[in-house]
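# A look at the structure
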Amino acid sequence: MLLFIVQKGLNSYTRHGQSITVPDLRGMTFEQLKTTLGSKNLEWQIMDSVYDMNKPPMSIVDQNPKPNSKVKEGRTIYLTLNAVTAPTTEIPDLVGRSSLKYAKMQLESYGLKVGEPVYKPDPHLNAVIGMQINGRDVTKKTKVPKGTTVVLLIGDGLGNSRISVPYLIGLTYGEAEFKLKGYSLNIGAVLVGEGVSDTSSAVIYRQVPEYGPGKSIRMGEPIDLWLSKELPAGITVDPTLYDKVDTIATQ
């Protein structure tokens, strides 16, 4: 009889066999939270905060125990709130070194939004040449709130402007790089031959597209280069072509 009474007492004290289903609190406001947990005799405590630009400030983002868990009355539900103020982040270094696609991926990984790109006259086609927020220029490492919209300024390759293919055979890589920049052209793939230890002083023995009468290239586009330590046998160089005036044509 004594054991029976003790067992009954323990069952009553621990509410044996009785449990409450934890409601889904995510997205609720504080007022909704108090009403919902109060009616179920459950406690709550804020444990953390995060920032989600797509959710209302001070709304419930996560909870522990999870929704539909079985708990006893009086259990504490631990909550994660959506912060009121967005944390800040730095603008990544994108100008002059990124394509449009890569820049968008980088900005989004920093918690920033990407606005509609604006194309500007520039020889570098689809390259990032600047960034703006609310119409004002910004630079790398500028601190802004997460969720800020950044507009990328993109080079349009100077429209349809073209230039005759320059002659590069026999020049060193360093000389060709300087020459191409002056013509608003880029260096594409670089194939380095065996034995080359210093790329800048290596000699160009092939280029694509090749130099030739009537051959032209769109400004901002690349020229692929083949380098070797010395000019290979059978390759002739015409130095008079280095001084040829490259004409610009519009199509």
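Residues numbered from 1 in each chain as written. Predicted model: local features only at pLDDT ≥ 70, side-chain atom pairs only at ≥ 80, totals over all residues. Heavy atoms only, no water.

The subject of this paragraph is the packing of aromatic side chains. Under the counting rule described, the total for this entry stands at three aromatic pairs. Each ring, one from Phe30 and one from Trp44, has its centre 5.6 Å from the other, and the planes form 50 degrees; the classification is tilted. Placement of Phe30 in helix 2 (residues 30-38) and of Trp44 in strand 2 (residues 43-50) is noted, with a sequence separation of 14 residues between them. Since its relative accessible area comes to 22%, Phe30 is described here as partly exposed. Here Trp44 falls in the partly exposed class, since its relative accessible area comes to 30%. Between Tyr167 and Tyr242, the aromatic rings sit 5.5 Å apart at their centres with planes inclined by 40 degrees, giving tilted as the arrangement. Pair noted here: Tyr167 is in the loop between strand 13 (161-164) and helix 4 (173-182) and Tyr242 is in the loop between strand 17 (222-228) and strand 18 (248-250), with a separation of 75 residues, a long-range link. (Phe/Tyr/Trp six-rings, centres within 6.5 Å; stacked < 30°, edge-to-face > 60°. Helix = DSSP H or I, 4+ residues; strand = E, 2+ residues; numbered from the N terminus. Buried < 20%, exposed > 50% of the residue type's maximum accessible area, 1.4 Å probe, protein only.)

Moving on to the sheet that holds strand 17. Strand pairs in the sheet, formed through backbone hydrogen bonds, run parallel or antiparallel to each other. Taken together, the three strands give an open sheet; going across it, the order is 14-17-15, and neighbouring strands pair in mixed fashion. With partners counted over all chains shown, the strands left at the sheet margins are strand 14 (186-192) and strand 15 (203-208), one partner each. Within this sheet the neighbouring strands show an average axis-to-axis angle of 30 degrees, counted without direction. With five bridges connecting them, strand 14 and strand 17 associate as parallel partners. The partner of Leu191 across the bridge, within strand 17, is Trp226. Against the sheet, helix 4 contacts strand 14, strand 15 and strand 17, and its axis sits at roughly 165 degrees relative to strand 14. (Pairing = 2+ DSSP bridges. Axes fitted to C-alpha atoms, helices over the stretch in contact; angles between N-to-C directions. Contact = heavy atoms within 4.5 Å.)

On average, the chain scores 84 in pLDDT, and the residues at 70 or more come to 88%. Mean pLDDT across the elements of the chain bottoms out in strand 18 (49) and peaks in strand 15 (95). (pLDDT = per-residue confidence, 0-100.)

Bringing unusual backbone geometry into the picture now. Among all residues except glycine, the phi angle is most often negative; among peptide bonds, the trans geometry is most common. Look at the link from Asn64 to Pro65: it is a cis peptide, with omega at 5 degrees. With an omega of 5 degrees, the peptide bond running from Val208 to Pro209 counts as cis. Tracing the sequence through the fold places Pro209 in the loop between strand 15 and strand 16 (216-218). Phi angles above zero are rare outside glycine, and Asn41 is one such case at about 60 degrees.

Taken together, the three strands give an open sheet; going across it, the order is 2-5-3, and neighbouring strands pair in mixed fashion. Where the open sheet ends on each side, the last strands, each with one partner, are strand 2 and strand 3 (60-64). For this sheet, the mean inter-axis angle between neighbouring strands, taken without regard to orientation, is 30 degrees. Where strand 2 and strand 5 (residues 76-82) come together, seven bridges link them in parallel fashion. Paired with Gln45 across the two strands is Tyr78, which belongs to strand 5. The sheet contacts of helix 2 involve strand 2, strand 3 and strand 5, and relative to strand 2 the element is tilted by about 150 degrees.

Moving on, we get to helix 3 (residues 100-109). Within helix 3, the full set of buried residues consists of Leu100, Ala103 and Leu107. What you see down the axis of helix 3 is that its buried residues fit within an arc of 60 degrees, all on one side. In helix 3, the exposed residues that point more than 90 degrees away from the buried face are Lys101 and Ser109. In this structure, the buried side of helix 3 is in contact with strand 7 (113-114), strand 8 (118-120), strand 9 (128-133) and strand 12 (149-155). The positive-phi residue at the C-terminal boundary of helix 3 is Gly111, with phi of around 80 degrees. (Arc of directions from axis to C-beta.)

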